[in-house]
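# Breakdown of the fold
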Amino acid sequence: MEEEIELVLDKYRGAGRILAEVREEAKEKIKEGVLLLVVAEFVENSIREKGGEPAFPCNISRNEEAAHATPSIDDKTVFGKDIVKLDIGTHIDGYIGDSAVTVDLSGDNDGLVKASEAALNEAIKIIRDGVSTVEIGEVIENTIREQGYKPVVNLTGHGLMRYNSHAPPTIPNVKYEHGVILRENDVVAIEPFATDAQGAGKVVESGNADIYSLIKAKPVRLREAKKLLEEIKKYQGLPFAKRWLPRERLDLALRTLENTKGVLRDYPVLREEEKGLISQAEHTIIVKEDGCEVTTKRIV
Ligand code: CO
C-alpha cells in the first residue's frame, strides 16, 4: 500500500517537474507582438517532448480575463501591454500538475501580480495534515487585502485526482464558514486570484468557448460527429481545445455534439465582472504530515 502510494505520488511529481520547466521557458516567450498561439503551442508541444501530456489546453487569459481563454484555430492575436495569466496543466498517466503565473507586460501592475503570489506563498506555509480549507481561504483573503487588492470570490483552488483536473475539495480564496480538512497525501491546487479597485472581485462567463470536455459519449447519427466523438475519447474526460481537433467539417461535427444533451461541457472565458484587472498564481501541492511538497516548484 505504501509503495503504491509512492508510485502514484511519483507520477504527480513527474508531471509537476515537466510543468515547472515548461512554465519557466514559456514565461520568457511572452512579449509584446508575439502571437498567443505561438506560446500556447510551445507549451503544449514542450510538455509532450518532455514525456508528459497536457492536462488541459494552455490557458492564456489577459487583463480582465481570469481563466479559460485559449487561442482559437489560426488565432492571429498578439500580446500587447497586457497582464497575462499563463495557466498550464500536465499529466503523466492521468496524474496532474496544475500551475499558473502572471506576466505583467503593462509594466505598472507589479503590486497586483505580487498580491496573488504572496497569497499563494502564505497559503503554502500553513498547509499540512489537518489544515482546514477555511484557514487557507482566510490566509489568502487577508494577504490579498493587506496589499490593497480584492480576492476573486468565485474562483477557487481544487483537488486533483486521476484524469480529474477539478476534483473535490474546493479551496476558497476567501474565508468561508465551512470547509474540509486536508489529509496527508491529498493532492490539491492552490490558486489565488486578485483584482484591483475597479474590480468587483467576481468573474462572469463571457463569449464563446474554445475549450471543451467530454461528459459522456452518446449515440449520434452524423458520421462526422461519430468520428469526432471517437477522437475526443482519448482525452479521458480532461479538457481539450477546439484547435486540437481534426479540421475536416469540424464546425458541423462539434455543433452536433454540442446539441446532443449531456455529451460536451464547454468552458466559456471567465472575466472580471467590472472589468478589473486580474492576477493569478498557482501551484500543485502534496499535503504532508508537517507541511507540504510543491510539485510544480521552479527547479533551480
Ligand atoms: Co487549477
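As a starting point, this report considers the structure included with it. As the structure is a prediction and not an experimental result, all values here were calculated from the model.

Here we take up unusual backbone geometry. The omega torsion of the bond from proline 168 to proline 169 falls at 0°, within 30 degrees of zero and hence cis. If you trace the backbone, proline 169 turns up in strand 7 (residues 164–171). For asparagine 185, which is not glycine, the phi torsion reads 75° and is therefore positive. Mapped onto the elements of the fold, asparagine 185 is located in the loop between strand 7 and strand 8 (187–190). Taking relative accessible area as the criterion, asparagine 185 reaches 24% and is therefore assigned partly exposed. Positioned with a positive phi, glutamine 236 is a non-glycine residue whose angle comes to about 55°. Looking at where glutamine 236 falls in the secondary structure, it is placed in the loop between helix 5 (223–233) and strand 11 (240–241). With a relative accessible area of 46%, glutamine 236 lands in the partly exposed category.

Together, Glu2, Glu184, Glu289 and Asp290 make up a negatively charged patch on the protein surface. The topology assignment puts glutamate 184 in the loop between strand 7 and strand 8. Residue classification places glutamate 184 among the partly exposed positions, given a relative accessible area of 38%.

Turning to the sheet that holds strand 10 (residues 203–214), a few remarks are in order. Across the sheet, which stays open at both edges, the four strands sit in the order 2-12-10-11 with antiparallel pairing between neighbours. Only two strands of the sheet have a single partner each, and these edge strands are strand 2 (65–67) and strand 11. The pairing of strand 10 with strand 11 spans two bridges and is classified as antiparallel. Paired with isoleucine 211 across the bridge in strand 11 is alanine 241.

We now examine the environment of threonine 195. Relative to the helices and strands, threonine 195 is located in strand 9 (residues 193–195). Using a relative accessible area of 0% as the deciding quantity, one classes threonine 195 as buried. Spatially, the C-alpha atom of threonine 195 lies 28 Å from that of asparagine 164, the residues being 31 residues apart in sequence.

Applying the stated rule across the entire model yields 26 salt bridges. A salt bridge links arginine 13 to glutamate 293, with the shortest nitrogen-to-oxygen separation between them at 2.6 Å. Residue arginine 13 is found in helix 1 (residues 2–29), and its partner glutamate 293 is found in strand 15 (residues 292–294); the two are separated by 280 residues along the sequence. Among the residues examined, arginine 13 registers a relative accessible area of 17% and is labelled buried. Classification of glutamate 293 by relative accessible area gives partly exposed; the value is 24%.

Definitions and cut-offs
- Residues numbered from 1 in each chain as written.
- Predicted model: local features only at pLDDT ≥ 70, side-chain atom pairs only at ≥ 80, totals over all residues.
- Heavy atoms only, no water.
- Helix = DSSP H or I, 4+ residues; strand = E, 2+ residues; numbered from the N terminus.
- Buried < 20%, exposed > 50% of the residue type's maximum accessible area, 1.4 Å probe, protein only.
- Patch = residues over 30% accessible without salt bridge, like charges linked within 9 Å, V, L, I, M, F, W, Y side chains within 5 Å.
- Areas by Shrake-Rupley, 256 points an atom, 1.4 Å probe, with all protein chains shown as cover.
- Salt bridge = Lys/Arg side-chain N within 4 Å of Asp/Glu carboxyl O.
- Lys, Arg positive; Asp, Glu negative; His and termini not counted.
- Charge placed at Lys NZ, Arg CZ, Asp CG, Glu CD.
- Pairing = 2+ DSSP bridges.

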